[in-house]
Amino acid sequence: MSSPQSPAGRPVTVVTGGSRGIGAATVDHLARQGHDVVVGYRSGREEAAAVVSGAQAHGGRAVAVRADVSDPDDVDALFAAAAGHLGPVTGLVANAGLTAHLGDLADTPVDVVRQVIDVNLLGVVLCVRRAAQVMSRRRGGPGGAIVTVSSSAATLGSAHEYVHYAAAKAGVDALTMGLAKELADDGVRVNAVAPGLVRTDIHAGAGDAGRLERVTARVPMGRPGEPEEIAPAIAWLLGPDAGYVTGAVLRVAGGL
Ligand code: NAP
């Protein structure tokens, strides 16, 4: 089965959190595979511009759009900008996320808990909801595929680090499975990738740049993953080779 394509003949894929880490590696991988790409970001304007240049160097079209995924108006504007610049959207990678803080839940301020759930769960709900509206064949869309970015935390629980983040990611898994069934006969597949421990800035963003080295011993393969090792799994789930795959959570976590 071939993938839905825009009138330009190429898939048009929105990647939230595309300015850094797993999102940036995914944009690069998708651009190499012939996708036109929208690079969503919240604050990293220069990083997003660099990711766009890299994608364009692979011969595709790419634009950066600032949007806070936890703001419904920003999410609507993100998809409107995508369609306006590149044509009908045929793919979404709901990747934007953060951990923000490390510690026991009892020591985590409520505003941090709220932010983590807002970005990691509500943000994904808002993005996949909008994607369903514009991609659903029943609603006049082109069909397509959605990949959410979950975490091994969803099944491990992340005690003493961020159990509220783990709960948000478990919510992403449930959302992915339910929406997959809702859209299964509507031309839209929905799957998740669950990374384990990946070398990105997310750990420094939670205030512990040394976390990667500190917790590497927990990984059965004995090393963290690289963003470039997560991106191909996301691209596979988006593409035609995964044409009969929907509602799956694909763990890419070195055994974690
Ligand atoms: P990262 O390097 O810190 O990048 C996070 C990206 O998300 C950035 O592009 C950031 O944009 C964007 N972002 C953050 N808050 C946002 C918001 N409110 N609205 C829009 N964009 C926002 O993180 P990463 O490690 O690549 O993480 C990507 C995904 O993988 C996340 O969902 C994360 O939970 C998941 N994950 C990561 C690991 C890991 O070990 N790294 C493990 C499991 C799962 P700006 O920089 O522009 O603000």
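Residues numbered from 1 in each chain as written. Predicted model: local features only at pLDDT ≥ 70, side-chain atom pairs only at ≥ 80, totals over all residues. Heavy atoms only, no water.

Per an unreviewed UniProt entry, the chain is named Oxidoreductase, and its organism is Modestobacter caceresii. Under the UniProt heading Sequence similarities (unreviewed entry), the entry covering the chain gives this text: "Belongs to the short-chain dehydrogenases/reductases (SDR) family." (UniProt positions renumbered as here; feature names shortened; annotations may be inferred.)

## With respect to the overall build of the chain
Assigned secondary structure in the chain consists of 9 helices and 7 strands. Computed over its C-alpha atoms, the radius of gyration of the chain comes to 17 Å, within 12% of the 18 Å expected for a compact globule of 256 residues. Counting across all 256 residues of the chain, residues that qualify as buried make up 51%. Residue pairs in contact within the chain that sit at least 24 positions apart in sequence constitute 72% of those at least 6 positions apart. Carbon together with sulfur atoms contributes 53% to the accessible area of the chain, which is approximately 11,100 Å² in total. Separation of charge centres in the chain, based on 22 positive and 25 negative side chains, amounts to 5 Å. (Helix = DSSP H or I, 4+ residues; strand = E, 2+ residues; numbered from the N terminus. Rg over C-alpha atoms; globule rule 2.2 N^0.38 Å. Buried < 20%, exposed > 50% of the residue type's maximum accessible area, 1.4 Å probe, protein only. Contact = heavy atoms within 4.5 Å. Areas by Shrake-Rupley, 256 points an atom, 1.4 Å probe, with all protein chains shown as cover. Lys, Arg positive; Asp, Glu negative; His and termini not counted. Charge placed at Lys NZ, Arg CZ, Asp CG, Glu CD.)

## Some remarks on the nonpolar core
Within the largest apolar cluster, 33 residues are counted, with the highest numbers of intra-cluster contacts made by Val 14, Val 38, Phe 79, Leu 92 and Ile 146. Looking at this core, the elements with two or more residues in it are β1 (12–15), β3 (62–66), α3 (72–86), β4 (91–94), α4 (110–135), α6 (163–183) and β6 (188–195). Broken down by element, this core gets its largest block of residues, 8 residues, from α4. Val 15, Ala 55, Ala 233 and Ile 234 belong to the second-largest nonpolar core, a separate cluster that totals 26 residues. (Core = buried A, V, L, I, M, F, W, Y, C linked by side-chain atoms within 4.5 Å.)

## Brief notes about the site of the ligand
With respect to spatial proximity, 31 residues lie near the ligand, and among them Ser 19, Arg 20, Gly 44, Tyr 165 and Thr 200 are the closest. Within the contact set of the ligand, an oxygen atom lies 2.7 Å away from a side-chain nitrogen or oxygen of Ser 19. The backbone of Ile 22 places a nitrogen or oxygen atom 2.8 Å from an oxygen atom of the ligand. Alone, the ligand offers 890 Å² of accessible surface; in the complex the protein occludes 97% of this. Along the lines of polarity and charge, the residues of the shell around the ligand split into 12 nonpolar, 14 polar and 5 charged. (Near = heavy atom within 4 Å. Polar contact = N/O pair within 3.5 Å; in protein donor to acceptor, adjacent residues only side chain to side chain. Nonpolar A, V, L, I, M, F, W, Y, C, P; charged D, E, K, R; others polar.)

## So, helix α9 (residues 227–238)
An ideal rise of 1.5 Å per residue puts 16 Å on 12 residues; α9 measures up with 17 Å between its terminal C-alpha atoms. Along α9, the positions that sit buried rather than exposed are Pro 227, Ile 230, Ala 231, Ala 233, Ile 234, Ala 235, Leu 237 and Leu 238. Summarising the contacts, the buried residues of α9 are in contact with β1, α1 (21–32), β4, β5 (144–149), β6 and β7 (249–252). (Expected span 1.5 Å × (residues − 1).)

## A look at α1
Residue pairs three or four apart in sequence face the same way in an α-helix, which turns once every 3.6 residues. Relative to the 16 Å expected for 12 residues at 1.5 Å per residue, α1 spans 17 Å between its end C-alpha atoms, a close match to the ideal helical length. Within α1, the full set of buried residues consists of Ile 22, Gly 23, Ala 24, Ala 25, Thr 26, Val 27, Leu 30 and Ala 31. Just downstream of α1 lies Gly 34, where phi reads positive at about 100°.

## Some words on the side chain of Asn 191
In this structure, Asn 191 sits in strand β6. Note on Asn 191: relative accessible area 0%, which makes it buried. Engagement of the side chain of Asn 191 in a polar contact is seen with the backbone oxygen of Val 245, the distance being 2.9 Å. Side-chain polar atoms of Asn 191 contact the backbone nitrogen of Ala 248, separated by 2.8 Å.

## Considering the sheet that holds β1
Within a sheet, adjacent strands bond to each other through the backbone by hydrogen bonds, running parallel or antiparallel. Taking strand neighbours across the sheet as the criterion, the 7 strands line up as β3-β2-β1-β4-β5-β6-β7 in an open arrangement whose pairing is parallel. Edge strands, defined here as strands with exactly one partner in the open sheet, are β3 and β7. For this sheet the average axis-to-axis angle between neighbouring strands, irrespective of direction, equals 20°. Here 4 bridges tie β6 to β7, and the two strands are oriented parallel to one another. Residue pairing for β7: Ala 194 is matched across the bridge by Arg 251. Along the sheet face, α6 touches β5, β6 and β7 and points at about 160° away from the line of β6. The strands that α9 touches are β1, β4, β5, β6 and β7; relative to β6, the one it contacts most, it runs at about 165°. (Pairing = 2+ DSSP bridges. Axes fitted to C-alpha atoms, helices over the stretch in contact; angles between N-to-C directions.)

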